[in-house]
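Close look at the chain arrangement
The residues making up each chain are set out below.
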Amino acid sequence: YLIDKNGFWNTSVSNIAKLAKINRNTFYLHYGNINDLLQEIILKKSSDITKTIDEFLTKNPVNYKNITQNQIRLVMRKLLNIIKQEQKFVRVFFNDFSLSSYGEIYLSNVKKNLAYNTLKIDNDNFMFYYDFAYSGMVNTIRQWVKQNFNEPIHILSSKMSKAIYQLFHCAD
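These numbers come from a predicted model, not from an experiment. (Residues numbered from 1 in each chain as written. Predicted model: local features only at pLDDT ≥ 70, side-chain atom pairs only at ≥ 80, totals over all residues. Heavy atoms only, no water.)

Once that is clear, we can look at the overall build of the chain. The secondary structure content of the chain amounts to nine helices and zero strands. Element order for the chain, N to C, with α for helix and β for strand: α-α-α-α-α-α-α-α-α. The burial tally for the chain puts 40% of its 172 residues in the buried class. For the chain, contacts bridging at least 24 residues in sequence account for 68% of all contacts bridging at least 6. Working note: accessible area of the chain is about 10,300 Å², and carbon and sulfur atoms make up 53% of it. (Helix = DSSP H or I, 4+ residues; strand = E, 2+ residues; numbered from the N terminus. Buried < 20%, exposed > 50% of the residue type's maximum accessible area, 1.4 Å probe, protein only. Contact = heavy atoms within 4.5 Å. Areas by Shrake-Rupley, 256 points an atom, 1.4 Å probe, with all protein chains shown as cover.)

This part covers helix 9 (residues 153-170). If you check helix 9, its first and last C-alpha atoms are 26 Å apart, about what 18 residues at 1.5 Å a residue would give, namely 26 Å. When we look at burial in helix 9, the residues that qualify are Ile153, Leu156, Ser157, Met160, Ser161, Ile164, Leu167 and Phe168. End-on view of helix 9: buried residues confined to an arc of 135°, all on one side of the axis. (Expected span 1.5 Å × (residues − 1). Arc of directions from axis to C-beta.)

With that settled, the discussion passes to the nonpolar core. In this structure, Met76, Ile83, Tyr130, Ile141 and Phe168 are the most contacted members of the largest nonpolar core, which totals 50 residues. Broken down by element, this core gets its largest block of residues, 11 residues, from helix 8 (residues 124-146). The contact partners of methionine 76, leaving out residues within four places of it in the chain, are Met137, Ser157, Met160, Ser161 and Ile164. (Core = buried A, V, L, I, M, F, W, Y, C linked by side-chain atoms within 4.5 Å.)

Now for the packing of aromatic side chains. Tallying each qualifying case throughout the model produces five aromatic pairs. Centroid distance phenylalanine 128 to phenylalanine 132: 6.4 Å. Interplanar angle 25°. Geometry classified as stacked. Within this pair, phenylalanine 128 and its partner phenylalanine 132 are both found in helix 8, separated by four residues, close to a single helical turn. As far as the burial class goes, phenylalanine 128 and phenylalanine 132 line up, both exposed. When the ring of tryptophan 144 is compared with that of phenylalanine 149, the centres are 4.8 Å apart and the planes differ by 85°; the resulting orientation is edge-to-face. (Phe/Tyr/Trp six-rings, centres within 6.5 Å; stacked < 30°, edge-to-face > 60°.)

Before going further, it helps to spend a moment on the packing of helix 5 (residues 69-85) against helix 9. Helix 9 packs onto helix 5 with a crossing angle of 135° between their chain directions and a minimal axis gap of 8 Å. Taken together, the axes of helix 5 and helix 9 lie oblique to each other. Crossing hand, helix 5 versus helix 9: right-handed. Contacts between helix 5 and helix 9 involve Gln69, Ile72, Arg73, Met76, Arg77, Leu80, Asn81 and Lys84 from the former and Ile153, His154, Leu156, Ser157, Ser158, Met160, Ser161, Lys162, Ile164, Tyr165 and Phe168 from the latter. (Axes fitted to C-alpha atoms, helices over the stretch in contact; angles between N-to-C directions. Parallel < 35°, antiparallel > 145°, perpendicular 65-115°, else oblique. Left-handed = near helix turned anticlockwise from the far one by under 90°.)

With that settled, consider the pattern of salt bridges. A side chain of one charge can pair with a side chain of the opposite charge if their charged atoms are brought near each other. Summed over all chains, the structure comprises one salt bridge. Put simply, glutamate 151 and lysine 159 hold a salt bridge, and the shortest N to O gap is 2.7 Å. The class of glutamate 151 is partly exposed, set by a relative accessible area of 23%. Relative accessible area serves as the criterion here: at 47%, lysine 159 is assigned to the partly exposed category. (Salt bridge = Lys/Arg side-chain N within 4 Å of Asp/Glu carboxyl O.)

Overall, the prediction assigns the chain a mean pLDDT of 81, with 88% of residues at 70 or greater. Taken element by element, the chain is modelled with least confidence in helix 7 (residues 100-118), mean pLDDT 69, and with most confidence in helix 3 (residues 24-30), mean pLDDT 95. (pLDDT = per-residue confidence, 0-100.)

Okay, the environment of glycine 136 next. Structurally, the position occupied by glycine 136 is in helix 8. Exposure remark for glycine 136: the relative accessible area of 33% places this residue in the partly exposed category. For the pair glycine 136 and methionine 160, spaced 24 residues apart in sequence, the C-alpha separation works out to 9.0 Å.

As structure tokens, then:
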């Protein structure tokens, strides 16, 4: 990843064109600017991650009304493994301030998809706890990435699942 190597602010269309062995004009035939390319990359990678989680949840269905701590742990473990496998992308996604608007759009879409399509949340009171848990999960993952994935996945997924499970049961 050129952006991972140079940082977003130090990556230019010229750098990208040189690496791709294309003319800068060819780049501009496909993208208006580097932000357009970055948005497409984020949407594609994010879509791949979401698809993998959705496939996992299709095989291991959950419902917010009767979700167990073990089910949450399995989902967290799957998510953390994907994040660690995609660490170059995730570092750019979480670390570059210029990506915050793209990141917020993506995270908002994931949150809605998980809430309404996967967990089938139909309760406004529970939605408050879900929002709170989701925000904490994102910030925990952000810190884990910044700390170079220093905590083992099985320990972090257990901690996160316990916190989320307890929070979900406050909504009852």
